[in-house]
Amino acid sequence: MDRKLFKILGFGVDSFNKDEALEYILQNHGQVITINPEMLMNAAKSKDFANVINNADLVIPDSVGVELGLKILGHRVPRIPGVEFGKALLKCCADSNKTVALVGAKHEVVELAVKTLKNELPNLKIVYWHDGYFSDDSVIKSQLVEAKPDLILVALGSPKQEFFSFDLKKQLPDSVMVGLGGSFDVWAGVVERAPEIYQKLGLEWLYRTVKQPQRFKRIFPTLPLFVMNVFIERVFGNHAK
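Residues numbered from 1 in each chain as written. Predicted model: local features only at pLDDT ≥ 70, side-chain atom pairs only at ≥ 80, totals over all residues. Heavy atoms only, no water.

Considering the nonpolar core
Grouped together as the largest cluster of nonpolar side chains are 36 residues, with contacts concentrated most on L58, F85, L90, L124, L151, F184 and W187. Those elements that place two or more of their residues in this core are α1 (18-28), β4 (58-61), α5 (82-96), β5 (99-104), α6 (107-120), β7 (151-155), β8 (176-179) and α9 (183-188). Per-element tally for this core: the top contributor is α5, with 7 residues. Contacts of L58, omitting those with residues within four sequence positions, involve R3, D14, F16, A21, Y24, I25, Q31, V32, I33 and F85. (Core = buried A, V, L, I, M, F, W, Y, C linked by side-chain atoms within 4.5 Å. Buried < 20%, exposed > 50% of the residue type's maximum accessible area, 1.4 Å probe, protein only. Helix = DSSP H or I, 4+ residues; strand = E, 2+ residues; numbered from the N terminus. Contact = heavy atoms within 4.5 Å.)

Spelled out as structure tokens, the structure:
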């Protein structure tokens, strides 16, 4: 299975649907980036972050904003929410006797997420977990290298989780690692996911913003600027590779 990437703001996003993305990354391993408009805008201003995205092994559109941006550019790519993709990977690992590690969130959150996931997926082998509050990345990375998990889910927030995974994959080339933001909070039941109608309409971001008004400053003006830049890209041409 070959990748087909569509460019948006100069960065490639994979055109796979969820099942295809799962099959591809489980066969090829490496780093998965669950991309959103804020990350794309940040990468446009940071060469280091841009390098991480450009060297990812799979880039999936985590948000309706990226799905809309690609549509504006003439590409129909289905949105793959990171929280759903991460859960699907966990189910695959449980079914195939592969090992898992979780890194990120508050101690009580990741601990509860581990317990909840084990109850939901009795065959799941979680060989390592640690909260996201550590000062020395090298200690956590060395422990992960020793544990050699097949799947590493990292919830440190962007771009920290992407840089963490980018460095780690050099030492664990046969592992899959995914940055998942606040997914541990959802799995732990600490944060309620948006109702299904919001999910279907691609309005989870709106639901979360209403529930957590502090998110407003992060989303605006980033989202309007992102859409404006996509329209500019459309006027001056877009590229696929």
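Digging into the packing of aromatic side chains
This model, assessed by the stated rule, comprises 4 aromatic pairs. For the ring pair F16 and Y24, a centre distance of 5.2 Å and an interplane angle of 35° mean the geometry is tilted. Grouping residues by exposure puts F16 and Y24 together as buried. Over the ring of F134 we find K160; its NZ or CZ atom is 5.2 Å from the centre of that ring. (Phe/Tyr/Trp six-rings, centres within 6.5 Å; stacked < 30°, edge-to-face > 60°. Lys NZ or Arg CZ within 6 Å of the ring centre and 35° of its normal.)

Here we look at the sheet that holds β7
Spatially, 6 strands are ordered β4-β3-β8-β7-β5-β6 in an open sheet, and the strand pairing comes out parallel. The open sheet is flanked by β4 and β6 (125-130), the only strands paired with a single partner. Neighbouring strand axes in the sheet, compared pairwise and without regard to direction, differ in orientation by 20° on average. One ladder, built from 5 bridges, connects β5 with β7; its direction is parallel. What sits directly across from G104, in β7, is A155. Along the sheet, helix α7 (residues 137-147) contacts β5, β6 and β7; its crossing angle with β6, the most-contacted strand, is approximately 170°. (Pairing = 2+ DSSP bridges. Axes fitted to C-alpha atoms, helices over the stretch in contact; angles between N-to-C directions.)

What about the state of the cysteines?
Here a disulfide denotes one covalent bond, and it connects the sulfur atoms of two cysteines. Summed over all chains, the structure comprises 0 disulfides. In this model C92 remains outside any disulfide bridge; the closest cysteine sulfur is found in C93, 7.0 Å from its own. The class of C92 is partly exposed, set by a relative accessible area of 26%. (Disulfide = S-S within 2.5 Å.)

Re unusual backbone geometry
Going from S158 to P159, the amide bond is cis rather than trans, its omega being 5°. With respect to the helices and strands, the residue P159 is situated in the loop between β7 and α8 (160-168). Unusually for a residue other than glycine, N97 sits at a positive phi of about 65°. Mapped onto the elements of the fold, N97 is located in the loop between α5 and β5. Phi at A105 is positive, roughly 70°, even though this residue is not glycine. Here A105 is to be found in the loop between β5 and α6. Of the residues examined, A105 reaches a relative accessible area of 14% and is grouped as buried.

A word on the pairing of strand β3 (residues 30-35)
Within β3, 6 of the 6 residues are buried, which leaves it mostly tucked inside the rest of the structure. Taken together, the 3 bridges between β3 and β8 define a ladder with parallel strand orientation. Considered in β8, the bridge of Q31 is made with M177. Across 4 bridges, β3 lies against β4 in parallel orientation.

By themselves, these are just geometric observations and shouldn't be taken as functional.
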